[in-house]
Amino acid sequence: MCGVSARVVVLVSGAGTNLQALLDACADPSYGATVVGVGADRDGIEGLARAERAGVPTFVHRVGHYASRAEWDKALTASVGSYEPDLVVLAGFMKLTGEAFLAAFGGQTVNTHPALSPSFPGMHGPREALEYGVKVTGCTLFVVDAGVDSGPIVAQASVLVAEDDTVDSLHERIKIVERAMLVDSVGRMAREGFTVSGRKVRFGS
Ligand code: GRF
């Protein structure tokens, strides 16, 4: 990935503020990456609108439009593959990718999760951290594997839990450090490359 700008496909399901942070970073050629396509599992989301405003092509595959989850996964894999990405970033993508996707893009797909792995995997990281009563939580960028938020960790950042936090206030503070973590790590992966050895991820080739 070193030398030329790395081709990045981003998958989103919602507001797309992490996508926006990447789009903003990619505006600087020295960042080393370009978002070449944005995909989603649903229509009408701000994440897709952000891509369109940035002039980045988009695609949507809704699970409900396919006979099976495996068929959806194959269609998603084909669309992502058509952009010939060096790196795929799941940025608030609320679906688990499947076997076809992992076979095509395993080792070159990262996902961001709003909790400090291995704690609180799944859809409700901020809520479960708050309910558990932890004093520190945060976010994790990891290389996607077949599990739920279980892959080798690229980066983490911490956030202190405030006594009066709600799920929303905590998640919003997590997202501030999450965007910075994502931009920093994706840029390094693009410029320096990275290796995965067992559970250890290292920048550089
Ligand atoms: C992020 O916190 C992500 O980790 C979680 O959902 C949020 C997405 O935010 N799964 P956005 O769509 O990037 O604003």
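See the structure shown above.
Everything in this summary refers to the structure shown in the same document.

**Comments concerning the overall build of the protein**
Across its full length, the protein carries six helices and nine strands. Relative to the 2.2 N^0.38 estimate, which gives 17 Å for 205 residues, the radius of gyration of the protein is 16 Å and therefore close to what a compact globule would have. The principal-axis extents of the C-alpha atoms in the protein amount to approximately 45 × 40 × 35 Å. Counting every position in the protein, which comprises 205 residues, the buried fraction comes to 47%. Carbon and sulfur atoms form 53% of the exposed surface of the protein, whose accessible area is close to 9500 Å². If the 18 positive side-chain charges of the protein are averaged to one point and the 23 negative ones to another, these points end up 2 Å apart.

**Quick notes on the site of the ligand**
Close to the ligand lie 13 residues; Gly16, Thr17, His171, Lys175 and Glu178 are nearest. Taking Lys175, its side chain carries an N or O atom lying 2.7 Å from an oxygen atom of the ligand. Between the ligand and the protein, one listed contact pairs an oxygen atom with a side-chain N or O atom of Glu178 at 2.4 Å. When isolated, the ligand has an accessible area of 370 Å², and the protein chains bury 91% of it.

**Considerations on the side chain of Asn18**
Mapped onto the elements of the fold, Asn18 is located in helix H1 (residues 17–26). Setting aside its immediate chain neighbours within four residues, Asn18 contacts Ala91, Glu178, Arg179 and Leu182.

**What to know about the nonpolar core**
Counting 43 residues, the largest nonpolar core has Val10, Leu19, Leu22, Val35, Val38, Val89 and Val154 as the members making the most contacts within it. Ranked by residues supplied to this core, first place goes to helix H6 (residues 167–192) with seven residues. Dropping the residues within four chain positions of it, Val10 is found in contact with Leu19, Leu22, Val35, Gly37, Val38, Gly39, Val89 and Ala91. Counting 15 residues, the second largest nonpolar core, distinct from the first, contains Val9, Val36, Leu90 and Phe142.

**Notes on the state of the cysteines**
All chains considered together, the criterion is met by zero disulfides. Looking at the unpaired Cys139, the closest cysteine sulfur is the one in Cys26, lying at 18 Å. Here Cys139 falls in the buried class, since its relative accessible area comes to 0%.

**Observations concerning helix H3 (residues 69–82)**
An ideal rise of 1.5 Å per residue puts 20 Å on 14 residues; H3 measures up with 20 Å between its terminal C-alpha atoms. The set of residues buried in H3 consists of Trp72, Asp73, Ala75, Leu76, Thr77, Ser79 and Val80. Of the surrounding secondary structure, the elements contacted by the buried residues of H3 are strand E1 (6–12), strand E3 (58–60), strand E4 (87–90) and helix H4 (99–105). A positive backbone phi angle near 45° is found at Glu84, which sits one or two residues after H3.

**Some words on the pattern of salt bridges**
Counted by the stated rule, this structure contains seven salt bridges. Ionic pairing is found between Arg188 and Glu192, a salt bridge with its closest N-O pair at 2.9 Å. Taken together, the positions of Arg188 and Glu192, both in helix H6 and four residues apart, correspond to about one turn of that helix. Through salt bridges with shared partners, one network takes in Asp41, Arg42 and Lys95.

**Some points on the packing of H1 against helix H2 (residues 46–53)**
Where H1 meets H2, the axes come as close as 9 Å, and the angle between the chain directions of the two elements is 15°. One way to sum up the angle between H1 and H2 is to call them roughly parallel. Between H1 and H2 lies a crossing of right-handed hand. Residues Thr17, Leu19, Gln20 and Leu23 of H1 pack against Gly47, Arg50 and Ala51 of H2. Of the residues contributing to the contact of H1 with H2, the split by class is three nonpolar, three polar and one charged.

Conventions and cut-offs
Residues numbered from 1 in each chain as written. Predicted model: local features only at pLDDT ≥ 70, side-chain atom pairs only at ≥ 80, totals over all residues. Heavy atoms only, no water. Helix = DSSP H or I, 4+ residues; strand = E, 2+ residues; numbered from the N terminus. Rg over C-alpha atoms; globule rule 2.2 N^0.38 Å. Buried < 20%, exposed > 50% of the residue type's maximum accessible area, 1.4 Å probe, protein only. Areas by Shrake-Rupley, 256 points an atom, 1.4 Å probe, with all protein chains shown as cover. Lys, Arg positive; Asp, Glu negative; His and termini not counted. Charge placed at Lys NZ, Arg CZ, Asp CG, Glu CD. Near = heavy atom within 4 Å. Polar contact = N/O pair within 3.5 Å; in protein donor to acceptor, adjacent residues only side chain to side chain. Contact = heavy atoms within 4.5 Å. Core = buried A, V, L, I, M, F, W, Y, C linked by side-chain atoms within 4.5 Å. Disulfide = S-S within 2.5 Å. Expected span 1.5 Å × (residues − 1). Salt bridge = Lys/Arg side-chain N within 4 Å of Asp/Glu carboxyl O. Axes fitted to C-alpha atoms, helices over the stretch in contact; angles between N-to-C directions. Parallel < 35°, antiparallel > 145°, perpendicular 65-115°, else oblique. Left-handed = near helix turned anticlockwise from the far one by under 90°. Nonpolar A, V, L, I, M, F, W, Y, C, P; charged D, E, K, R; others polar.

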